[in-house]
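# Reading the structure
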Amino acid sequence: PVFLILWILIPLAIWLEDRGPIFYTQRRVGLGAREFRVFKFRSMIRHAEAETGPVWASKSDPRITRVGRFLRARALDELPQVINLWIGDMSLVGPRPERPELVEAFARDMPEFGQRLRVRPGLTGLAQVYGRYASTPRDKLRYDILYIQRMSAWLDIKLLFMSVMATVRGRWQS
């Protein structure tokens, strides 16, 4: 029931703010370097990357809408990724999938980056729980490799619990 309410209220809030599209899809790279489309609730203004191309959002990015800021703080913009779970593109826990342009750049600068593509990407992971939004790609990669080396059901349960707590407290972009 809670999720059903969110699936009604979030699209309504997004639409009321600027009458724009509710959902946003983006190409990402997953298991075995296979590209897929990740689903999200739109949290930025329409055509946010028209002038810049693919760039990471900063914490105080002016392209993020008021509703989007609320959604991102609680990771609610990621809720449509349940679809990616059903399709099999993602799992609950694992390294977050990156955009193809970023994967290419990171793999050039960090040869060990390819290790991330040996596991299914996840909704949450070590880098999300223990890192910060502004952590460097190299720091996030260290967390991801550590997760891959220590993968277990217990670690996944712990990370899922910590992720739920971060969502409840609204602490995803700190």
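Residues numbered from 1 in each chain as written. Predicted model: local features only at pLDDT ≥ 70, side-chain atom pairs only at ≥ 80, totals over all residues. Heavy atoms only, no water.

### Examining the side chain of Thr124
- Position of Thr124 relative to the elements: it lies in strand E4 (residues 122-124).
- Residue class for Thr124 comes out buried when judged on its relative accessible area of 5%. (Helix = DSSP H or I, 4+ residues; strand = E, 2+ residues; numbered from the N terminus. Buried < 20%, exposed > 50% of the residue type's maximum accessible area, 1.4 Å probe, protein only.)

### A short note on the side chain of Lys40
- With respect to the element layout, Lys40 can be found in strand E2 (residues 35-41).
- In terms of polar contacts, Lys40 uses its side chain to reach the side chain of Glu78, at 3.4 Å.
- Setting aside residues no more than four positions away along its own chain, Lys40 makes contact with Ile22, Phe23, Tyr24, Arg28, Asp77, Glu78, Pro80 and Gln81. (Polar contact = N/O pair within 3.5 Å; in protein donor to acceptor, adjacent residues only side chain to side chain. Contact = heavy atoms within 4.5 Å.)

### A closer look at the packing of aromatic side chains
- Tallying each qualifying case throughout the model produces four aromatic pairs.
- Where Trp7 meets Phe23, the ring centres are 6.3 Å apart and the plane angle is 35°; that geometry is what we call tilted. Here Phe23 lies in strand E1 (residues 23-29) and Trp7 lies in helix H1 (residues 2-18), a separation of 16 residues in the sequence.
- With a centroid separation of 5.3 Å and an interplanar angle of 25°, the aromatic rings of Phe23 and Phe41 are classed as stacked. Of this pair, Phe23 sits in strand E1 while Phe41 is found in strand E2, placing the two residues 18 residues apart along the sequence.
- The class of Phe23 is partly exposed, set by a relative accessible area of 43%. (Phe/Tyr/Trp six-rings, centres within 6.5 Å; stacked < 30°, edge-to-face > 60°.)

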